[in-house]
Amino acid sequence: MPKTAVIYARFSCSKQREASIEDQLRVCRQWCAREGYGVVAEYCDHALSGRSDDRPEFQRMIASAGESDIVLVYMMDRFSRDEYDAPIYKRALAQRGVRLVSALEAIPDSPEGIIYEKLLEGLAACESRKTSIRTKRGMEGNALKCKTNGIEIFGYRRSEEDTYEIDPDKAALVREAFRRRIARETVNAIARDFAQRGVRSRRGKPCGYTMMCRMLHDRRYTGRYEWGGIVKEGGMPAIIDAATFMEAQGVRGAKVRADERWGDFALAGRAICAGCGRNLQGVSGRGRNGVKYEYYRCKTGDVATVRRDELEGAVTSALRDLLSDRQEALRIAHLVAESADGTEVAMRRKQAADALSAAERGLENILAAIEQGIIAPGTKERITELEEQKARAEYDLEAIRDEEIDPERFADFLQSGAALDDATLLKTFVWQVVVSDDEVVAILNYDIKSNEPARLVIQRVRTKSGWCPV
Ligand SMILES: [Zn+2]
């Protein structure tokens, strides 16, 4: 069934510059078109303050709640400015299965996905100095012969010689994933579709963001064999060519809104005018003293032009303040750790641990038998077999440990400001910055609870150094 939306817009006369009803409706309608919602009704209150619930259209909208999947507002403050009212009405909507969404503040795609991808890049960089100790034994020798060593890769199966050979059906899915990613489809959309078509991970879970993300970044599909630091180009059959792989790596999501000319502005494409909902443009000009400044500016002039260093600086310092709070850093770290497919990792850890103890038990039993002078035929082969099983389990456990995110350590990483420069910090955490004359709302890349994006509100005071984060 198609998803439906009711749009609610409100215009108050108290503010000099705020989005007109028409602007609010336009932005909301665009949002619905983009996200695939059909608009079933529009309610508009003119020149009424949000504090009072004496708003006829608002009341009418609440009374008929249930006619749509969501109620869409331009920004949350359109719904209600009253901190006591808002939760009551939100609950009223929720009770009828209606979700409240804000067009400017909604984070499309999976917020966990975005922050996970972003932060994992950072973590990988921070962890790269550490090289893990691998359990080697005969496996290294196997790797030199490009054998699987028990490592499964979606799209391949094990040949009789324990090397990789292409599994035609699954390989077709891999090619399809790359093709769709290059056509700018989101990782989540592809994963969802695959899951619906019954594609499952090795452990039987429906295909999800993590699996798809891994697939799209797996260089082995180009025929590059990799195992424990041993790399052999052409060591296994290729499913996709190197050019396709590289092209897919270059896709940075379908929501590229930045104007190329000002690509180096850290908030390019993400700074939005609260008046009209359009992107602010990056421009440069000279101040009174002849010094060159860069600005974020609304083309139609709904909001006062803001200096780039001030806007970026204010958001950056608010972010650093946020991260300096251990609780908040830990919360983000947990969010990231949980979105990293914790259950799958836990299951694989248990399997590896079980295999390890079984092998160890088996070896002990044989040893005990030998001590008693019992030597059955085939004992030597059995020992070799168990030792291999043990080595493989140890290797698996080690590999799983590498994949796991320890929230405490991750929080340390987030808090060590040195690891993230200002531009990276902004790019990592900020989904959107909505600029109005009296405040700046930075909407972050993750949800504080379901459907409620984390945000920073910074009061905007138009004096020389007039920025104060709240
Ligand atoms: Zn504007």
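Each value, and the rule that gives it
Residues numbered from 1 in each chain as written. Predicted model: local features only at pLDDT ≥ 70, side-chain atom pairs only at ≥ 80, totals over all residues. Heavy atoms only, no water. Pairing = 2+ DSSP bridges. Helix = DSSP H or I, 4+ residues; strand = E, 2+ residues; numbered from the N terminus. Donors = N, O, S within 2.8 Å, 3.2 Å for Na, K, Ca; no water. Buried < 20%, exposed > 50% of the residue type's maximum accessible area, 1.4 Å probe, protein only. Polar contact = N/O pair within 3.5 Å; in protein donor to acceptor, adjacent residues only side chain to side chain. Contact = heavy atoms within 4.5 Å. pLDDT = per-residue confidence, 0-100.

**Q** I'd like a description of the sheet that holds strand 11 (residues 292-297), backed by residues and values.
**A** With antiparallel pairing, the three strands of this open sheet are ordered in space as 10-11-12. Bordering the open sheet on either side are strand 10 (281-286) and strand 12 (306-307), each of which pairs with just one other strand. Across two bridges, strand 11 lies against strand 12 in antiparallel orientation. Note on strand 12: the bridge partner recorded for Tyr296 is Val306.

**Q** An account of the coordination of the zinc ion is needed here, citing residue identities and associated values.
**A** The coordination sphere of the zinc ion, as far as protein atoms go, consists of Cys273 (SG), Cys276 (SG), Cys298 (SG) and Asp302 (OD), spread over 1.9 to 2.3 Å. Considered as a linear motif, the donors of the zinc ion on their single chain read C-x2-C-x21-C-x3-D. Note that Cys273 is positioned in strand 9 (residues 271-273) and Cys298 in the loop between strand 11 and strand 12, a separation of 25 residues in sequence. Exposure class is identical for Cys273 and Cys298. Each is buried.

**Q** Please provide a residue-by-residue account of the side chain of Ser102, values included.
**A** Considering the arrangement of structural elements, one finds Ser102 in strand 4 (residues 99-102). Among the polar contacts listed, one links the side chain of Ser102 to the backbone oxygen of Tyr74, at a separation of 3.4 Å. Excluding residues within four positions of it along the chain, Ser102 makes contact with Leu72, Val73, Tyr74, Met75 and Met76.

**Q** Before we move on, could you go through the confidence of the model for the protein chain and cite the residues and values that matter?
**A** Across the protein chain, the average pLDDT comes to 79, with 79% of residues at 70 or higher. When the elements of the protein chain are averaged for pLDDT, strand 16 (residues 467-469) gives the smallest value, 44, and helix 7 (residues 168-182) the largest, 95. Between residues 125-137, whose pLDDT stays under 50, and residues either more than four places distant or in other chains, the model counts 17 contacts. Below a pLDDT of 50 lies the segment residues 463-470, which in the model reaches 22 contacts outside its immediate sequence neighbourhood of four places, other chains included.

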